[in-house]
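Structural features, examined
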Amino acid sequence: MSGGLLVAGTTSDAGKSVVTAGICRWLVRRGVKVAPFKAQNMSLNSFVTREGAEIGRAQAMQAQAARVEPTALMNPVLLKPGGDRSSQVVLMGRPVGEMTARGYHGGRQRQLLGTVLDCLAELRGTYDAVICEGAGSPAEINLRRTDIVNMGIARNARLPVLVVGDIDRGGVFASFFGTVALLSPEDQEFVAGFLVNKFRGDVGLLEPGLDMLKDLTGRRTYGVLPFRHGLGIDEEDGLRVSLRGAVRESAVAEPAGEDVLRVAVCAVPLMSNFTDVDALAAEPGVVVRFVDRAAELADADLVVVPGTRGTVKALAWLRERGLADAIARRAAEGRPVLGICGGFQLLGDHIEDEVESRAGHVDGLGLLPVRVRFARQKTLTRPSGEALGEPVEGYEIHHGVAEVTGGEPFLDGCRVGAVWGTHWHGSLESDGFRRAFLREVAAAAGRRFVPSADTSFGALREEQLDRLGDLIEEHADTDALWRLIESGAPQGLPFIPPGAPA
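Before going into details, it helps to say that this report is about the structure given with it. What you are looking at is a predicted structure, and each value in this text was computed from that prediction instead of being measured.

**Quick look at the overall build of the chain**
Along its length, the chain carries 16 helices and 27 strands. The C-alpha radius of gyration computed for the chain amounts to 23 Å, which stays within 12% of the reference 23 Å derived for 502 residues, consistent with globular compactness. Across its three principal directions, the C-alpha atoms of the chain cover 70 × 50 × 40 Å. Within the chain, the proportion of its 502 residues that are buried is 59%. The contacts in the chain between residues at least 6 apart in sequence include a share of 74% that link residues at least 24 apart. Surface accessibility of the chain: about 19600 Å² in total, with carbon and sulfur atoms responsible for 48%. The averaged location of the 65 negative side-chain charges in the chain is 3 Å from the averaged location of its 55 positive side-chain charges.

Below you can see the structure in the form of structure tokens.
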């Protein structure tokens, strides 16, 4: 059995995903064969592996950090919210149905523990180390009985637990102490210590607090990671776009041409794979923002309607807010619009949906000659081809089947004038295609924008992953961290009362 570690957090968005990726990159640079793992992920940002399995994009990013090919083993359970109360359950990369939160936590989740542990065991039998990411907080006392992603898996697989806290939010000492103190004695045995994330200032001022925390809990702090802009790559949820942040907040070359391009992304409900626009934001001179009002489209050179887990709901939302009319006016004026996946579907003539929304026949925006019928079986593929004279690769995740009845072919979709539509996520990461597309957009928008000749999205992503590895290598006690991964939690860690409620 290989070494392992569970990276937990005091809260959601404490930095578990990026710390897991950073540890993976640090280890692989040391020559360790390492893999990431997250038993259960809830996210609308997903990815398709080469074997056609759907997993969270965060785990695909962590696999890239580890320099291994992502597989379904790395994220056996993916929950894709379809509303406030239900999610699609994706098991081993394939959807198995919709389930309410009560139904999932009421029994189904516990049934999946065996599958999750089998996947982890298979990875640990293949790799020198497996770095696992938890979800939310391990001290969710209302969910502990059915937990398969935090202490449930740590105890079953005997993994040491490193708790990450975001000090930029404040209250990190209380969060660390409270997280441990709300766990049962049996769970506390596996909590080895803490990692402070997003620290600004003089570490010397923090050290007395870390010493006091150790006195209180008997557990050490394994590192203090400084605040760095633009490290939230491939967010699970939320509206932060990773490379946009990195490009905006660091020294970036001036636009190659005389003008910038302004891109407005419609923040539709249940927005999925909004990471598609990261590659646009990586281009010098391209400004990307999310919008939810029609007036915010006025100065945009390109409007992107992104993917969504609720195509019909997103269509209604666009109409309610006046965005649909604004997009239609743009199309009539020859101003660029790009629809991706669900955004492509709602640009078509009509939709037949008895699967996702069960709304039956719904009229689309009528901007592309496309009819969409929702199938129960989900399309999960990794297509490649050519568009605008350049090679391009992508991935598809959708229930909607598009019948294109006209227009100019564009990837698997079509183009009419300055309106483009495709099911392909990730296509803009193909550098030559992205530059060709931006040249078309600039021409249609009347902008003297020229895409940079040497921007490589893949190289930027690698630089970001190396920065995560550098954070771990330079600001964590890596010798102690390796001993933890190799040997498990220290023996004799004290119990911190009161422990979990009965």
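Structure shown, so let's carry the discussion forward.
**Overview of the side chain of Asn273**
Among the structural elements, Asn273 can be located in the loop between β14 (271–272) and α10 (278–281). Asn273 gets classed as buried once you look at its relative accessible area, which sits at 2%. Beyond its immediate chain neighbours, meaning those up to four positions away, Asn273 contacts Leu44, Asn45, Ser46, Arg57, Tyr395 and His425.

**What about the packing of aromatic side chains?**
Counted by the stated rule, this structure contains 6 aromatic pairs. Ring geometry for Trp420 and Phe437: centres 5.0 Å apart, planes at 70 degrees, overall edge-to-face. With Trp420 in strand β27 (residues 419–422) and Phe437 in helix α14 (residues 431–445), this pair connects stretches of sequence that are 17 residues apart. Across the ring face of Tyr222, the terminal group of Arg220 is positioned such that the distance to the ring centre comes to 4.7 Å.

**Observations regarding the pairing of strand β6 (residues 77–81)**
Most of β6 is tucked away, with 5 of its 5 residues classed as buried. What you see with β6 is no split at all: Val77, Leu79 and Pro81 on one side and Leu78 and Lys80 on the other are buried throughout. Note: strand β3 (residues 40–42) against β6, 3 bridges, orientation parallel. Each residue of the ladder has a partner; that of Met42, found in β6, is Leu79. By the bridge criterion, 5 bridges tie β6 to strand β7 (residues 86–91) in an arrangement that is antiparallel. For Leu78, the partnering residue across the bridge sits in β7 and is Val90.

**Some remarks on the packing of helix α2 (residues 57–65) against helix α15 (residues 457–475)**
Remark: α2 packs on α15, axes separated minimally by 10 Å, with the N-to-C direction vectors making an angle of 80 degrees. As far as their axial angle goes, α15 and α2 are roughly perpendicular. The residues of α15 that touch α2, namely those facing Arg57, Met61, Gln64 and Ala65, are Arg461, Glu462 and Leu465. Looking at the contact of α2 with α15 residue by residue, the class counts come to 3 nonpolar, 1 polar and 3 charged.

**Some points on the side chain of Asn75**
Mapped onto the fold, Asn75 is located in the loop between α2 and β6. From its side chain, Asn75 meets the backbone oxygen of Val77 in a polar contact 2.9 Å long. Setting aside residues up to four positions removed in sequence, Asn75 forms contacts with Lys38, Ala39, Gln40, Asn41, Ile55, Gly56 and Gln59.

**Describing helix α1 (residues 16–29)**
If you check α1, its first and last C-alpha atoms are 20 Å apart, about what 14 residues at 1.5 Å a residue would give, namely 20 Å. Among the 14 residues in α1, 13 count as buried, and that is most of the element. Residue Gly31 follows α1 closely and has a positive phi angle near 90 degrees.

**Considering the sheet that holds strand β24 (residues 396–404)**
Taken in spatial order, the 4 strands of this open sheet run β20-β19-β21-β24, and their pairing is mixed. In the strand order of this sheet, the two ends are held by β20 (360–363) and β24, each with one partner. The average undirected angle you get between the axes of adjacent strands in this sheet is 35 degrees. Pairing of strand β19 (residues 350–353) with strand β21 (residues 370–381) involves 3 bridges; the strand directions are parallel. The residue bridging His350 from the neighbouring strand is Arg371, located in β21.

**Here we look at the pattern of salt bridges**
One pass over the structure, following the stated rule, counts 27 salt bridges. The partner of Lys198 in a salt bridge is Asp166, and the shortest N-O contact between them spans 3.6 Å. Linking Lys198 in strand β11 (residues 191–199) with Asp166 in strand β10 (residues 161–166), this pair joins segments that are 32 residues apart in sequence. Residue Asp166 is classed as buried on the basis of its relative accessible area of 7%. Here Glu333 and Arg335 are joined by a salt bridge, their closest N and O atoms 3.7 Å apart. Judged by its relative accessible area of 53%, Glu333 is exposed. Residue class for Arg335 comes out partly exposed when judged on its relative accessible area of 25%. A cluster of three or more residues bridged by salt bridges with shared partners is formed by Arg25, Arg29, Glu462, Asp466, Asp470 and Glu473.

Rules used in this analysis
- Residues numbered from 1 in each chain as written.
- Predicted model: local features only at pLDDT ≥ 70, side-chain atom pairs only at ≥ 80, totals over all residues.
- Heavy atoms only, no water.
- Helix = DSSP H or I, 4+ residues; strand = E, 2+ residues; numbered from the N terminus.
- Rg over C-alpha atoms; globule rule 2.2 N^0.38 Å.
- Buried < 20%, exposed > 50% of the residue type's maximum accessible area, 1.4 Å probe, protein only.
- Contact = heavy atoms within 4.5 Å.
- Areas by Shrake-Rupley, 256 points an atom, 1.4 Å probe, with all protein chains shown as cover.
- Lys, Arg positive; Asp, Glu negative; His and termini not counted.
- Charge placed at Lys NZ, Arg CZ, Asp CG, Glu CD.
- Phe/Tyr/Trp six-rings, centres within 6.5 Å; stacked < 30°, edge-to-face > 60°.
- Lys NZ or Arg CZ within 6 Å of the ring centre and 35° of its normal.
- Pairing = 2+ DSSP bridges.
- Axes fitted to C-alpha atoms, helices over the stretch in contact; angles between N-to-C directions.
- Parallel < 35°, antiparallel > 145°, perpendicular 65-115°, else oblique.
- Nonpolar A, V, L, I, M, F, W, Y, C, P; charged D, E, K, R; others polar.
- Polar contact = N/O pair within 3.5 Å; in protein donor to acceptor, adjacent residues only side chain to side chain.
- Expected span 1.5 Å × (residues − 1).
- Salt bridge = Lys/Arg side-chain N within 4 Å of Asp/Glu carboxyl O.

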